[in-house]
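An overview of the molecular structure
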Amino acid sequence: MAAVATPSSPSHFPQPVRAITSTLSTRAAPSIPPASQTYEPLARAVLRRRFLYDILLPSILPVWASAAFWKAWGAGGLSTMSLPNALTVPFLPAALVMTAISWALGVLPIVVLRKSHLTAVSTPSSSPSQRVKVAFSKPGAIRALFVYVLTAIFVTSSHVALGRNAQGADHLDVFVRSRKHHYYLNGRFLFLLMAQIAFASAYYLRSILLDRPTVRWAQSKVPKMDPPTAIVRRVVGLGVTSSVFTLGAFAVYIVTFGLVRAMVLPILLQVPAISRLLRPFLAHFLRGRWSFVLLWRNRALIWQVFLLGLTTVAGWEYAESLFDDKVQEPLTVASHTADPALTLISGITSDDPYYVHFGYIELCAFAEDDSSAASTRRTTMFGDQKHTPTLWATLLRSALLTLGKDYQTLLRRGAPPPPMSAPAAPKPKPEGPAVPATPLVRKPVFKTAQSSPLHSVVESLASDSAVTQAIAHSVDSTAAHLPDLFKSTSTPAPTAVAKKAVAAVNATKPALLSRIQAPKRLVPPAVQAVAKEVSQWWTRPRASRIADGAVPNRETDILIAEVLSRLVCASLAEDRYGVVQRDIPRVLEALLSFLTALEEAQRELIETPSEDAEEAARAVDVYGRAADAMKEGVVRIVQTFGNRLTAFRFPPHIAQKLQGFVDYH
């Protein structure tokens, strides 16, 4: 007999419904990872290695040479030493210790400071005075100057401390050897210390004028020199630059030091509060006179101070020149990754313009590579469907966005963008029919009580009534008959004594003005002419500086034009789906608009009369280099596509500009 299922059996309940499994996925495509996760860590690793082995280690060489020189100086000079002893001087323990201390205290802080203040885009400034003003408006300027001065003090202290056993080292003690005045400062030591501080300040000012914190990108078309030629050129340039700079700064320092000792110090010692602080240390400087005879008597000290400044400046200049060359050398990091195109396109989306420039340098090499492997990678990039947005869309958007920002800066000629305008006021709402207004009752509603006679008199006096006016008139008429003795305290009249005092003051004005202008008359006309020329040089705007401010990112713009044009040309054979061809109008419009703005800027410079023709020509070259890159990009696309460009539509002004390239090529 068959069993019957009861309600309590498991087969009574229905089985759960399960979805049919499918290989289709509704997940969205991943976006391109940010540059901080892909490109920047690789670039930092290369730059870190370059900083350690190509900048820091070679920067020891001039310090080592200067330490060997000062060690030989302390032993009496190379003329008193034999050849074997002279060859062993650089390897003596004392020379090596001096090298390590001088490098750690005098060069290493400068290189670290350069690394912390590195920037890829310069701040626009049209004159040296404006550049210095802009530099000191930044928060780290005073700190940087303090670092330079502090390193100069450290170098001076180590030179004096480590050279105590040298000949003449006893003349560089901090205090003079006097039994009566123990705290008199040694004039030789002060001269040496203040000279080093002056060298440091002048060198920092030179760095500001040269815009050293900004990366000076090398032109890609310039061929590189072979290593021996580059080393010889660097050494010769270092020697000439350091010698000329040190000589000029030292000459200015000697004149300034003499004026301070002969004129400023005696005046300061006449001020009671300052005299109490300075006289115990500097009073002995008033005994002698500052003259050229004193300089000649201390020519050995002057020569030693000059050489110490020269070796210090040479160490700084060599380290900074190495830094300038190495921070702009191209990087090659994307080729070592699984997807080079993804890494490069992620790199150009970085927020740091420094890494963006490196990314476009590698993209340029990626676009112009003719190998089959590079062609395959470009085909994969053009047909990318794994990311949202795609690789080509991200590349094009980043490139056009950068060109657009620089285009707006060029139109403003480097001026800052105008402030955002306030939003327009909302339109007033239409008024409805006027509501009839009830007239106000301006009279007391309730009946007031009768006031007393005393209250009426008080109210009359408090108000401007007839009684008050009568009292005021009687007071004025009474005051008119008062003697002048009682009225002199209220309205004093000018007396003869006051008139004589005013006349005396007016008579002394010409004498006072002539006394103020007397020092100026004592200055020779030649010195006044030189001072005027220096003042004009300091404040005169430079056309080339204005051009630099108008296109501050021109090196990256040149790379963008080359990358876009080469990729567009390569897409004719490597783009299977025509993704790139539909963006050709946008690329050509961006390049031609930028080219038009550059040509207008060049035309303005040519048509504007200029006193300095060389400066104007230099400014035209600044615009011309970027304009040539835009022209080359347009010509490359026109020559590749030819008549196929007729299938696209362009704005009228762009079509007219493009027609000239088509007709010519």
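Quantities reported herein were computed from a predicted structural model and do not represent experimental measurements. Just so you know, the residues in each chain are numbered from 1, in the order the chain's sequence is written. Note on the predicted model: pLDDT of at least 70 is required for a residue's local features to be given, and 80 or more for side-chain atom pairs to be given and counted; whole-chain, interface and lining totals, by contrast, use all residues. Values reported for side chains reflect all heavy atoms of the structure, with hydrogen atoms and water molecules removed beforehand.

**Quick look at the overall build of the protein chain**
For the protein chain, the count of helices and strands is 26 helices and zero strands. Burial classes: relative accessible area under 20% of the type maximum marks a residue as buried, over 50% as exposed, and values in between as partly exposed (1.4 Å probe, protein chains only). Per-residue burial over the protein chain gives 36% buried out of 665 residues. Accessible surface, the protein chain as shown: approximately 42200 Å² in total, 64% of it carbon and sulfur. A run of H or I in DSSP becomes a helix once it reaches four residues, and a run of E becomes a strand once it reaches two; helices and strands are each numbered from the N terminus. Note on areas: Shrake-Rupley with a 1.4 Å probe; residue coverage comes only from the protein chains shown.

**Some words on the packing of helix 6 (residues 128-137) against helix 8 (residues 187-209)**
Angles shown run from 0 to 180 degrees and are taken between the N-to-C directions of axes, each axis being a line fitted to C-alpha atoms and, for helices, limited to the stretch in contact. Running from N to C, helix 6 and helix 8 cross one another at 105 degrees; their axes reach a closest spacing of 9 Å. Viewed along their axes, helix 6 and helix 8 adopt a mutual orientation that is roughly perpendicular. Each of P128, R131, V132, A135 and F136 in helix 6 lies in contact with helix 8, whose residues at this interface are Y204, L205, I208 and L209. Any residue outside Ala, Val, Leu, Ile, Met, Phe, Trp, Tyr, Cys, Pro, Asp, Glu, Lys and Arg is labelled polar, Gly included; the first ten of those are nonpolar and the last four are charged. Here the contact of helix 6 with helix 8 is built from residues that sort into eight nonpolar, no polar and one charged. Note that the term roughly parallel is reserved for angles under 35 degrees, roughly antiparallel for angles over 145, roughly perpendicular for angles of 65 to 115, and oblique for everything else. Between two residues, a contact is recorded if the distance between any of their heavy atoms is within 4.5 Å.

**Points about the nonpolar core**
Membership of the largest hydrophobic core comes to 85 residues, with the highest contact counts inside it found for Y360, M381, W392, L395, L410, L564 and L598. In terms of residue count, the dominant contributor to this core is helix 25 (residues 613-641) (11 residues). Ranked by size, the runner-up nonpolar core spans 24 residues in total, among them W70, M98, F189 and L192. What we call a nonpolar core is a set of buried Ala, Val, Leu, Ile, Met, Phe, Trp, Tyr and Cys residues that are connected through their side-chain atoms within 4.5 Å.

**A word on the pattern of salt bridges**
Salt bridge criterion: a side-chain nitrogen from Lys or Arg within 4 Å of a carboxyl oxygen from Asp or Glu. Counted under the stated rule, the structure contains 20 salt bridges. In this structure, R234 and D325 form a salt bridge, with 2.6 Å as the shortest nitrogen-oxygen distance. Here R234, found in helix 9 (residues 227-268), pairs with D325, found in helix 12 (residues 299-326); they are 91 residues apart in sequence, far enough to count as distant. Residue class for D325 comes out partly exposed when judged on its relative accessible area of 30%.

**A word on helix 23 (residues 554-574)**
Take the residue count of a helix, subtract one, and multiply by 1.5 Å to get its expected span. Here helix 23 spans 29 Å end to end across 21 residues, near enough to the 30 Å set by a 1.5 Å rise per residue. Taking burial as the measure, the 21 residues of helix 23 include 17 buried ones, the bulk of the element.

**Side note on the environment of S243**
Structurally, the position occupied by S243 is in helix 9. Separated by 67 residues in the primary sequence, S243 and L310 have C-alpha atoms spaced 6.5 Å apart. In protein, a polar contact means a hydrogen-donor-capable atom and an acceptor-capable atom, both N or O and within 3.5 Å, with residues adjacent in sequence counting only if both atoms are side-chain atoms; elsewhere, any N or O pair within 3.5 Å suffices. Looking at S243, its side chain comes within polar contact range of the main-chain oxygen of G239, at 2.7 Å.

**Notes on the packing of aromatic side chains**
A pair of Phe, Tyr and Trp rings is counted when the ring centres sit within 6.5 Å of each other, with Trp represented by its six-membered ring. The angle between the planes then sorts it: under 30 degrees is stacked, over 60 is edge-to-face, the rest tilted. Evaluation of the coordinates by the stated rule reveals 25 aromatic pairs. Seen from their ring centres, Y148 and W316 are 5.8 Å apart, and the 85 degrees between their planes marks the pair as edge-to-face. One end of the pair, Y148, is in helix 7 (residues 141-162); the other, W316, is in helix 12, with 168 residues separating them in the sequence. W316 matches Y148 in its accessibility class, with the two residues each being buried. Centroid distance W537 to W538: 6.1 Å. Interplanar angle 40 degrees. Geometry classified as tilted. Looking at W538, the relative accessible area reads 31%, which means it is partly exposed. Counting every residue linked through ring pairs, the aromatic cluster contains F191, F199, F250, Y253, F257, W303 and F306. If you follow R49 out to its NZ or CZ, it ends over the ring of Y53, 4.9 Å from the centre. Put simply, a charge is over a ring when the Lys NZ or the Arg CZ is close to the ring centre, within 6 Å, and near the line of the ring normal, within 35 degrees. The lysine or arginine in question, R206, covers the ring of F245, its NZ or CZ lying 5.8 Å from the ring centre.

**Comments concerning a nonpolar patch on the surface**
Patch construction takes residues with relative accessible area above 30% that form no salt bridge. Like charges are linked within 9 Å, and nonpolar side chains (Val, Leu, Ile, Met, Phe, Trp, Tyr) are linked within 5 Å. Among the surface-exposed residues, V255, L259, V260, M263, V264, L268, V271 and I274 lie close enough to one another that they form a single nonpolar patch of about 610 Å² accessible area. If you tally residues by element for the nonpolar patch, the top one is helix 9, at six residues. Examined against the element boundaries, I274 turns out to sit in helix 10 (residues 272-282).

**A few points about unusual backbone geometry**
At the junction of T388 and P389, the peptide bond is cis and its omega measures out at -5 degrees in the coordinates. Counting through the fold element by element, P389 comes out in the loop between helix 15 (372-382) and helix 16 (391-411). In the Ramachandran plot, D211 falls in the positive-phi region, its phi being about 55 degrees despite a non-glycine side chain. Here D211 lies in the loop between helix 8 and helix 9. Given the relative accessible area of 18%, D211 is considered buried. The residue R413 is not glycine, and still its phi comes out positive at about 55 degrees. With respect to the helices, strands and loops of the structure, R413 is situated in the loop between helix 16 and helix 17 (453-462). Note on R413: relative accessible area 26%, which makes it partly exposed.

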